[in-house]
Amino acid sequence: MTAPSATPAETPALSQFRRVVIKVGSALLVDRARGRLKAAWLAALAEDIADLHARGADVLVVSSGAIAMGRSVLPLPAGPLRLEESQAAAAVGQIALARVWAEVLGHHGIGAGQILVTLGDTEERRRYLNARATLKKLLEMRAVPVVNENDTVATTEIRYGDNDRLAARVAAMIGADLLVLFSDIDGLYTAPPASDPGAAHIPHVPKITAEIEAMAGGAGSELSRGGMRTKIEAAKIATGAGATMLIAHGGPKNPLRAVEAGARCTWFAPQSSPERARKTWIAGALEPRGALFVDAGAAKALRAGASLLPAGVVRVEGAFARGDAVSIRDERGREIGRGLVAYDREDAARIAGRKTGEIEAILGFRGRDAMVHRDDLALGGEG
């Protein structure tokens, strides 16, 4: 197989990205021989994160390591663990992992928030919206969310099983424009370099083809559940959602600074922008469960980039739940666009035509200001 060529113009600068997801694997965080955290390495990575943060970028971390840290504390046997043993190790390790991330980021004056998710949180729309809202609020408040799969409750049938794909789903969820996967290898090769000395490094992948997928090898260390194959699958998710993806060697201290200094890595080009990819998904991939009819003023505001507020809704039709896709129509019934609604049908009908400040009095809870937020809205022609 021949490696795609790269030109200097194809190598982005980290400084150009505004929202960055960084995935860190267990083998990088935990010293397998000693069963303890690699504290100096993590402190150096926190310096890199602080650099991005100081430039104004939003940063989110997807961190493995809970099971690896927990098994070093509990009297568990060597080798593969049974499901309940992994869940027990995760329960202990998640506490330790959250504490160390809070400490290393706090050293730079950055707050950290722990987010534990399962497969359903990124696949089921209502839970997806809740998780997305929490992540965005943390980023808005300049904190760094630290995300991990909730291994204490996840089972084989309802789990990601690796944090590469989880990181890609999270990147898509929050509209990240860069996903960084730190690994024990410096990128994609034409063949597994450990078994093929003639394998060539690929610095840039403009598009994931069948040939690129065939280059992926198997799993890496026993601490990691991922391998190059899961990284390619993550790349398909991330680049399809409009993010650039980077695979880089995480072993050296300050691995992001190493990338900036020209360390070898592999860049995967986005296939769209995050905003356009999301609008396309809303406009074409989701079947509307109902319709919101809006007045002329609201229709004009939507076309100018505003969210849909309850005051602009004149009629509600259909049977939908919060998080479902709905059609947005003008008073003559013409479709203006589609969006993800923030209220169940019954509550939407109760607050239609009312001011935002009246929502709490009508429903008995504060609720969202917008019936459909502009980030969750695709107007005609945007998809």
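Residues numbered from 1 in each chain as written. Predicted model: local features only at pLDDT ≥ 70, side-chain atom pairs only at ≥ 80, totals over all residues. Heavy atoms only, no water.

(A) Representation of the packing of helix α2 (residues 39–54) against helix α4 (residues 83–106) within the structure. One way to put it is that α2 packs onto α4 with a least axis distance of 9 Å and a crossing angle of 55 degrees. Put simply, α2 runs oblique to α4. Considering the relative orientation of α2 and α4, their crossing is right-handed. Contacts between α2 and α4 involve L42, A43, L45, A46 and I49 on the former and, on the latter, V100, W101, V104 and L105. Across the contact of α2 with α4, the residue classes break down as 9 nonpolar, no polar and no charged. (Axes fitted to C-alpha atoms, helices over the stretch in contact; angles between N-to-C directions. Helix = DSSP H or I, 4+ residues; strand = E, 2+ residues; numbered from the N terminus. Parallel < 35°, antiparallel > 145°, perpendicular 65-115°, else oblique. Left-handed = near helix turned anticlockwise from the far one by under 90°. Contact = heavy atoms within 4.5 Å. Nonpolar A, V, L, I, M, F, W, Y, C, P; charged D, E, K, R; others polar.)

(B) Expanded view of the pattern of salt bridges. One pass over the structure, following the stated rule, counts 24 salt bridges. Residues D48 and R257 are paired through a salt bridge, measuring 3.3 Å at the closest nitrogen-oxygen approach. Of this pair, D48 sits in helix α2 while R257 sits in helix α10 (residues 255–260), placing them 209 residues apart in sequence. (Salt bridge = Lys/Arg side-chain N within 4 Å of Asp/Glu carboxyl O.)

(C) Molecular detail of the sheet that holds strand β17 (residues 377–379). Pairing within the open sheet is mixed, and its 5 strands lie in the order β14-β13-β15-β16-β17. Each edge of the open sheet is held by one strand with a lone partner, namely β14 (313–318) and β17. The average undirected angle you get between the axes of adjacent strands in this sheet is 20 degrees. Of the pairings in the sheet, the one linking strand β13 (residues 290–294) to strand β15 (residues 325–329) comprises 3 bridges and is parallel in character. Counted as the bridge partner of F293 is R329 from β15. (Pairing = 2+ DSSP bridges.)

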